[in-house]
Amino acid sequence: MEIFDNQIPVFGSADERTLNQIRVCARTADKVALMPDNHVGYGVPIGGIVAYRDAISPTGVGYDIGCGNKAVRLDMPGSELRANIARIMDDVWNIISFGVGRKNNEAGNEEIRAHVLFDDAAWKLKAISPLKQMARNQLGTVGSGNHYVDLFVDEEDRVWIGVHFGSRGLGHKTATWFLEAAGASDGMDVEPCVLSTASDLGADYLEAMRLAGDYAYAGRDWVCSRVAAILGAPIVEEVHNHHNYAWREEHGGEMLWVVRKGATPAFPGQRGFVGGTMGEQSVILEGVENEHARYSLYSTVHGAGRAMGRREAAGVIDRKTGAVKRAGRVTPEMMRGWIERAGIGLRGAGLDESPDCYKRLDEVLEAVDDTVRILHRLTPVGVAMAGANEFDPYKD
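Residues numbered from 1 in each chain as written. Predicted model: local features only at pLDDT ≥ 70, side-chain atom pairs only at ≥ 80, totals over all residues. Heavy atoms only, no water.

**Considering the packing of helix α7 (residues 168-181) against helix α8 (residues 200-231)**
We count it as follows: Lines are fitted to the C-alpha atoms to define the axes, a helix being fitted only along its stretch in contact, and any angle between axes, read from their N-to-C directions, falls within 0 to 180 degrees. Secondary structure elements are taken from DSSP: a helix is a run of H or I of four residues or more, a strand is a run of E of two residues or more, and numbering for both begins at the N terminus. Should an angle lie under 35 degrees it is considered roughly parallel, over 145 roughly antiparallel, and from 65 to 115 roughly perpendicular; all remaining angles are considered oblique. Between two residues, a contact is recorded if the distance between any of their heavy atoms is within 4.5 Å.
Packing of α7 against α8 brings their axes to within 10 Å, and their N-to-C directions diverge by 170°. By the angle between their axes, α7 is roughly antiparallel relative to α8. In this structure, α7 uses R168, L170, T174, W177, F178 and A181 to contact α8, whose residues at the interface are L201, D204, Y205, A208, A212 and Y215.

Structure (structure tokens):
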């Protein structure tokens, strides 16, 4: 860990643009930190932690409010998963809804329609009251980009399901409404929007954020339960965290709103699921108490972290004509090599999700080594993501 400008703890390395983003955040935040899986984000870098005494930053939470990871362990041996992986992945791909703007394929079932989430008083807020039916239809859909459903085995050959996604259209539209209402600047290298929690707009944002976070949790719960049913095995252990969210926490004797954007809460003993790439291991970890952990505001990484932008990786293609405007750095052969070496049953995914586009998770974890303890290493057996041609207009 290195401290920049006498106030910014940076774990691992960061490029100059990402460092400048967290420097801008530090002008208005009371505390900041940067995780090693960092890269440039909209206003606040991915991997950034920004904390305020009496304010909240919708820019910091981002457009995918409540994005996070959930992992569940099943009472099922890895041998059974591997023996049936082709059929299982076909079922996951056909039953779970992947992609932008999708409805849950089973949105009409009673469990979704009658979910207690839709009785929450926060739906009366002006920002989100028009979004209720859309949210009901999308509950339990996975989305696109780097969102996934993965099947793993651990070091004892036990089966785990891992999922990564957030609050879908609800979160994106909610964030957009509040940023516009606050007159926030749009773009990457802009001053973050910061709202006083004593203001009506700030108080309403906190309620809307809470609801979107509950919605994201409910969606990940539903997908994990549905995939467990596909596998025909009960869930015996769960690990679940947001990594795009804000919490009211005590640090150094004062109460702060701690915004983590692409960063996982990691208080001592708190467990988290951190995904690697589709061709490499992921981990279950827990926080450890020490001075470095306090500098991080008890936070850790949320993934391997991108090392290559999506357009840089896949190139630029005219969506109308299919013509290649600019070739990408990642070829189908490169991505296929990763998948074949790892023996992955893959459904969906584009070149911009190839492991070539990411940092190595073990190298990222080395930079936070003494703040976390690895509990389990999860080796991927099956991976499902939105298709290669999916257009994703969402931010962060």
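**What to know about the packing of aromatic side chains**
Under the convention used in this document: Stacked, tilted and edge-to-face are the three classes assigned to paired rings of Phe, Tyr and Trp, where Trp is represented by its six-membered ring and a pair needs centres within 6.5 Å; plane angles under 30 degrees give stacked, over 60 edge-to-face, the rest tilted. Exposure classes here rest on a 1.4 Å probe applied to the protein chains alone. A residue is buried below 20% of its type maximum, exposed above 50%, and partly exposed in between. We call a charge positioned above a ring when the Lys NZ or Arg CZ atom is no farther than 6 Å from the ring centre and deviates by at most 35 degrees from the ring normal.
Per the counting criterion, the structure on display carries eight aromatic pairs. Summarising the aromatic geometry, the rings of F152 and F273 are spaced 5.9 Å apart at their centres and angled 75° between planes, so their arrangement reads as edge-to-face. With F152 in strand β7 (residues 148-153) and F273 in strand β14 (residues 271-274), this residue pair connects regions lying 121 residues apart in the sequence. With respect to class, F152 is no different from F273; both count as buried. Note on F178 and Y205: the rings are 5.3 Å apart at their centroids and 85° apart in plane angle, and the pair reads as edge-to-face. Separated by 27 residues along the polypeptide, F178 in helix α7 and Y205 in helix α8 bring together distant segments of the chain. Above the ring of F118, the side-chain terminus of R136 is found at 4.5 Å from the ring centroid.

**Here we look at the environment of A208**
Of note, A208 is situated in helix α8. A residue is classified by how much of its surface remains accessible, and A208, at 2% relative accessible area, is buried. Distance in space between the C-alpha atoms of A208 and A175 is 9.0 Å, their sequence separation being 33 residues. Contacts of A208, omitting those with residues within four sequence positions, involve L125, I128, T174 and F178.

**Some points on the pattern of salt bridges**
Heads up, the condition is: Throughout this description, the term salt bridge denotes a Lys or Arg side-chain nitrogen within 4 Å of a carboxyl oxygen of Asp or Glu.
In this structure the tally under the stated criterion is 29 salt bridges. R271 serves as the salt-bridge partner of E237, at 2.5 Å between the closest nitrogen and oxygen. Of the two residues, E237 sits in strand β10 (residues 235-242) while R271 sits in strand β14, which places them 34 residues apart along the sequence. Through salt bridges with shared partners, a single ionic network connects D120, E207, R210 and D214.

**Quick look at the pairing of strand β3 (residues 31-39)**
The test is simple: Should DSSP find at least two bridges between two strands, the strands are taken to pair.
Burial analysis of β3 places seven of its nine residues in the buried class, which makes it a mostly covered element. Inspection of the sheet shows β3 paired to strand β4 (residues 46-52) by five bridges, in the antiparallel sense. The partner of K31 across the bridge, within β4, is A51. Where β3 hands over to β4, the hairpin turn is made up of six residues, of which G43 adopts a positive phi near 80°.

**What about the packing of helix α4 (residues 85-95) against α8?**
For clarity, the threshold we go by: Left-handed describes a crossing whose near helix is turned anticlockwise from the far helix by less than a right angle; the clockwise case is right-handed. Lys, Arg, Asp and Glu make up the charged group, whereas Ala, Val, Leu, Ile, Met, Phe, Trp, Tyr, Cys and Pro make up the nonpolar group; the residues left over, Gly among them, are polar.
Viewed as axis vectors pointing N to C, α4 and α8 meet at an angle of 145°, and their least axial separation amounts to 10 Å. The handedness of the crossing between α4 and α8 comes out as right-handed. Listed contacts from α8 to I88, D91, V92 and I95 of α4 are R226, V227, I230 and L231. Within the contact of α4 with α8, the residues separate by chemical class into six nonpolar, no polar and two charged.

**Some words on the side chain of T264**
The following threshold applies: N or O atoms within 3.5 Å of each other form a polar contact, as long as, within protein, one can give a hydrogen and the other can take it, and as long as residues adjacent in sequence are counted only when both atoms are side-chain atoms.
Note on placement: T264 falls in strand β13 (residues 263-265). One polar contact links the side chain of T264 to the main-chain carbonyl oxygen of V301, over a distance of 2.8 Å. With sequence-adjacent residues up to four places away left out, T264 is seen in contact with N241, H242, H243, V274, Y298, S299, T300, V301 and H302.

**A word on the environment of V159**
Tracing the backbone through its elements, the reader meets V159 in strand β8 (residues 158-165). Separated by 79 residues in the primary sequence, V159 and E80 place their C-alpha atoms 9.1 Å from one another. Among all residues touching V159, those that are not within four sequence positions of it are V72, R73, L74, M76, P77, G78, L81, F152, V153 and L231.

**Points about the nonpolar core**
Using the following cut-off: Put simply, buried Ala, Val, Leu, Ile, Met, Phe, Trp, Tyr and Cys residues joined by side-chain atoms within 4.5 Å make one nonpolar core.
Among the nonpolar cores identified, the biggest contains 75 residues, and L81 and L231 are the most heavily contacted of them. Counting residues per element, this core draws most heavily on α8, at 15 residues. Aside from chain neighbours lying at most four places away, what touches L231 is L74, M76, L81, I88, L151 and V159. Grouped together as the second largest cluster of nonpolar side chains are 24 residues, F11, I49, L285 and L365 included.

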